[in-house]
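Listed below are the residues making up each chain.
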Amino acid sequence: NAGVMQNPRHLVRRRGQEARLRCSPMKGHSHVYWYRQLPEEGLKFMVYLQKENIIDESGMPKERFSAEFPKEGPSILRIQQVVRGDSAAYFCASSGVGDEKLFFGSGTQLSVL
Amino acid sequence: AQRVTQPEKLLSVFKGAPVELKCNYSYSGSPELFWYVQYSRQRLQLLLRHISRESIKGFTADLNKGETSFHLKKPFAQEEDSAMYYCALATGTASKLTFGTGTRLQVTL
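Note that the structure is predicted; figures quoted are calculated from it, not measured.

Caption draft 1: How the structure looks around the sheet that holds strand β8 (residues 75-79) of chain A. Residues and elements named next belong to chain A. Strand order in the open sheet formed by four strands is β1-β3-β8-β7, and the pairing between neighbours is antiparallel. A strand with exactly one partner marks an edge of an open sheet, and here the two such strands are β1 (5-7) and β7 (65-68). Across the sheet, the axes of successive neighbouring strands diverge by a mean angle of 15 degrees, strand direction being ignored. For β7 and β8, the ladder comprises four bridges, and the chain directions are antiparallel. In the strand pairing of β8, A67 is matched with L77.

Written out as structure tokens, the structure is:
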């Protein structure tokens, strides 16, 4: 089991471009969580998804950010029209049904120029 | 709103010395607390959770509701304990976590 896979590891975008971050949960896991870590800060919860459903998006910025977890394929965190303040490490975690232990990916470092 | 505070950014101790990584929380509900660790070049991983009341790699943490603290302790630090440690509070589902800013533990000879 390869664990939670995130790609790309590093992503560089210019202001105004779109960023797409991918996360494949651990095999057998159907719950995905996205966290963001700004420089010098702790990880902050963004969104919790199950297959084809957004369960809790209370941590998502109201504009430009969206997330999905389709029936097939990885979960995608999409940031439209990126700004410098979006530069951060974005971590994905997954858990199984009835198991509250989170397994984290290695993260995607987004840099906005 | 919930909050987790880790007052020390860096804690440097000698090998064999006791370690205490501080964590305080603020939450109006019934807290569930965790310690996560990130070793160099590795992923963030769960170290221990308070409901398990277990000792992992010699580390223990006791939830003190009166002081709203969940400090991580180890009696004798080892070099391999050098890592970044994050305290986290679960609210709502146990998987929705609020993290502290982390403490880097540096164990030197």
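Caption draft 2: Structural context of the nonpolar core. W35, L47, L48, F70, L72 and Y85 of chain B are the most contacted members of the largest nonpolar core, which totals 24 residues. Broken down by secondary-structure element, the contributors of at least two residues to this core are β2 (10-14), β3 (19-21), β5 (32-38), β6 (45-49), β9 (83-90) and β11 (103-108) of chain B. The dominant element in this core, judged by the number of residues it contributes, is β9 of chain B, at four residues. If sequence neighbours within four positions are ignored, L48 of chain B has contacts with F34, W35, E54, I56, F59, T60, A61, F70 and L72 of chain B. Among the nonpolar cores identified, the runner-up in size contains 23 residues, and L21, F69, I79 and V82 of chain A belong to it.

Caption draft 3: Seen up close, the state of the cysteines. Residues and elements named next belong to chain A. For the structure on display, the rule yields two disulfides over all chains. The disulfide bridge from C23 ends at C92, spanning 1.8 Å between sulfur atoms. Taking the sign of the torsion about the S-S bond as the criterion, the disulfide between C23 and C92, at about -55 degrees, is left-handed. Separated by 69 residues along the polypeptide, C23 in strand β3 (residues 19-24) and C92 in strand β9 (residues 88-95) bring together distant segments of the chain. For C92, a relative accessible area of 0% corresponds to the buried category.

Caption draft 4: Broad picture of unusual backbone geometry. With omega at -5 degrees, the peptide bond leading from N7 of chain A into P8 of chain A counts as cis. Locating P8 of chain A in the fold gives a position in the loop between β1 and β2 (10-13). A positive phi angle, near 45 degrees, is found at Q81 of chain A, a position not held by glycine. Within the secondary structure, Q81 of chain A sits in the loop between β8 and β9. Located in the positive-phi region is R41 of chain B, a residue other than glycine, with phi close to 65 degrees. By secondary structure assignment, the location of R41 of chain B is in the loop between β5 and β6.

What counts, and where the lines are drawn
Residues numbered from 1 in each chain as written. Chains lettered and ligands numbered in written order. Predicted model: local features only at pLDDT ≥ 70, side-chain atom pairs only at ≥ 80, totals over all residues. Heavy atoms only, no water. Pairing = 2+ DSSP bridges. Helix = DSSP H or I, 4+ residues; strand = E, 2+ residues; numbered from the N terminus. Axes fitted to C-alpha atoms, helices over the stretch in contact; angles between N-to-C directions. Core = buried A, V, L, I, M, F, W, Y, C linked by side-chain atoms within 4.5 Å. Buried < 20%, exposed > 50% of the residue type's maximum accessible area, 1.4 Å probe, protein only. Contact = heavy atoms within 4.5 Å. Disulfide = S-S within 2.5 Å.

These values are about where atoms sit, not about what they do.
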